[in-house]
Amino acid sequence: MAEKKIRVLLGTRKGAYVAESDLKRRTWKVLPVSNAGREVYHVVADPRHPGHLYAAVNDWMFGPMVHRSEDGGKHWKEIGTPLMPSSKERNPQMNLDGGEVQRPKHAITNLWHVEPGHPDQPNTLFLGADPHKLFRSDDLGRSWEPVSSINEHPTKKDWAPGAGGPCMHTILIDPRDARRMYVGMSAAGTFRTDDGGETWRAANRGVETPFLPTRFPEVGQCVHHVVLDAEDPTTAYRQDHGGMYVSHDGMESWKRIGKFFDDDFGFAVASARTLPGRAFFIPLEGRSRVTAQGGLQVFEWNDPKKKWRALMSPKAFPGHYGVHREGMATDGLAPAGIYVGTTTGQLIVSADAGKSWRQVPFQFPGIHSVQVANPPL
Amino acid sequence: MTWEPPSPVHMVEVHLDAWIREFGPRTREQAEARTVEELLEVLEVRYPRLRFKLRDETGKLRRYVRVFVDGEDVGREQGLQAPISGARTVDILHSIAGG
């Protein structure tokens, strides 16, 4: 019988953590930390290979590395790590022939996001990196190739770094069509391909740039995070530096939905498999980048009804919390679990789609990312 | 411009930070090389997982890696060309950082 455990995967400032629970999601066991002391920007489960996890590790001494666990996070091993494209030696194997090395001018600074490929491509992974780089592996991370069609996009001259650097942080694959993908970069915006990455076009129409003299440029938006709707992948929810948005046409155009708030700044956005038509946002005060209403708050956007609803009283977790772009995730259960990881290391969980919340009694380091590994359902 | 003969290849004792052992080396190694860069290449051939850990893909020492030849910090840029002929020890350590 398949193991019915749910695992919450945390990338933190000081390592990767896995918290396990049964399907009630009331009590949690935190496994021993891995990559202790290292910045881990993202940990993700590969649903095509049960038990397989990937981590984007950025060691302050030794640089970026990709790690994989094949046993649900108990043991980890370094796999291939991409290098800047102008190097002839992208594979981290040592070249023993003594040949001349063509070195790039700049190195990869940080790895931001690992995205398992479409179920039809079981050996494919994508990886987003700083500076503004997308990589693809078709051998489960043994070797990587840069996706030059987006990395060297004609609009690149109008891209800029965000506060976190020039990072490729969001990679989305249409579950109905492996050839359609979206990426998000700060501060370049979102881009869409319909031909498996051969060509890309900017996908930011309607998204404001309050930090640029042009209000609605083609590119240059500081997208913070984007998720696809659970039922309709042409619907996407976006938290941008310039507000909260929804798209109903595969990111061809965006409509701002965040005017409801005094300030619709934020980083995190999530959708849930068992709650189609809903998205979850955590508004922050744009100047301080922490919760502004006296406490943590999660809001639900009901897209069919075009209504906002608070899922949490600011009195539940009073204080000024920060939540990073991948700091909120959901599970695939019913009722949906919603998981919020804060920049000060609290993991706050709702096991009933936001009706009630409780904090996991474990102090984590500052949390960069939260993801969920569902058990086979 | 005068021609200078290359430094002779020299056997040196290398002391490595304990954290570097994760990638294969022992805390003490012996290696033959003329410069710090050659020494790092020898170690990277001996321990392939060490590649790109001490130097990034541009060839530069990573920011928090420090190399000392007989106790002298070789610095960041030109330091990789520092000769080690005649030296007894090379220390490869991490710098004080973090928080």
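These numbers come from a predicted model, not from an experiment.

Draft legend 1. Examining the packing of aromatic side chains more closely. Residues and elements named next belong to chain A. In total, this model carries 17 aromatic pairs over all chains according to the counting rule given. Between F261 and F299, the aromatic rings sit 4.8 Å apart at their centres with planes inclined by 85 degrees, giving edge-to-face as the arrangement. Here F261 is found in the loop between β19 (255-256) and β20 (269-272), whereas its partner F299 is found in strand β22 (residues 299-302), with 38 residues between them in sequence. With respect to burial, F261 and F299 carry one shared label: buried. Put simply, the rings of F260, F261, F281, F299, W301 and W308 touch in pairs and so form one group of aromatic residues. Above the ring of W254, the side-chain terminus of R238 is found at 4.9 Å from the ring centroid.

Draft legend 2. Region of the structure containing the sheet that holds strand β1 (residues 6-12) of chain A. Residue and element names in this part refer to chain A. Judged by pairing direction, the sheet is antiparallel, and its 4 strands sit side by side in the order β3-β2-β1-β28 without closing on themselves. Looking at which strands have only one partner, the edges of the open sheet turn out to be β3 (29-30) and β28 (367-373). By the bridge criterion, 2 bridges tie strand β2 (residues 15-21) to β3 in an arrangement that is antiparallel. Within β3, the residue paired with A19 across the bridge is V30.

Draft legend 3. Fine view of the pattern of salt bridges. What the rule picks out here adds up to 32 salt bridges over all chains. Note that E20 of chain A and R7 of chain A form a salt bridge whose closest N and O atoms lie 3.0 Å from each other. Of this pair, E20 of chain A sits in strand β2 while R7 of chain A sits in strand β1; the two residues are 13 residues apart in sequence, bridging distant segments of the chain. Judged on exposure class, the residue E20 of chain A and its partner R7 of chain A are both buried. With a shortest N-O distance of 2.8 Å, R55 of chain B and E44 of chain B are connected by a salt bridge. Separated by 11 residues along the polypeptide, R55 of chain B in the loop between α1 (36-46) and β3 (65-69) and E44 of chain B in helix α1 bring together distant segments of the chain. Its relative accessible area of 3% is what places R55 of chain B among the buried residues. A single salt-bridge network, built from bridges that share partners, covers R180, R192, D194, R201 and E252 of chain A.

Draft legend 4. Expanded view of the confidence of the model for chain A. With 95% of its residues at a pLDDT of 70 or more, chain A has an overall mean of 93. Every residue in residues 90-99 of chain A scores below 50 in pLDDT, and together they form 21 contacts with partners more than four places removed in sequence or on other chains.

Analysis parameters
Residues numbered from 1 in each chain as written. Chains lettered and ligands numbered in written order. Predicted model: local features only at pLDDT ≥ 70, side-chain atom pairs only at ≥ 80, totals over all residues. Heavy atoms only, no water. Phe/Tyr/Trp six-rings, centres within 6.5 Å; stacked < 30°, edge-to-face > 60°. Helix = DSSP H or I, 4+ residues; strand = E, 2+ residues; numbered from the N terminus. Buried < 20%, exposed > 50% of the residue type's maximum accessible area, 1.4 Å probe, protein only. Lys NZ or Arg CZ within 6 Å of the ring centre and 35° of its normal. Pairing = 2+ DSSP bridges. Salt bridge = Lys/Arg side-chain N within 4 Å of Asp/Glu carboxyl O. pLDDT = per-residue confidence, 0-100. Contact = heavy atoms within 4.5 Å.

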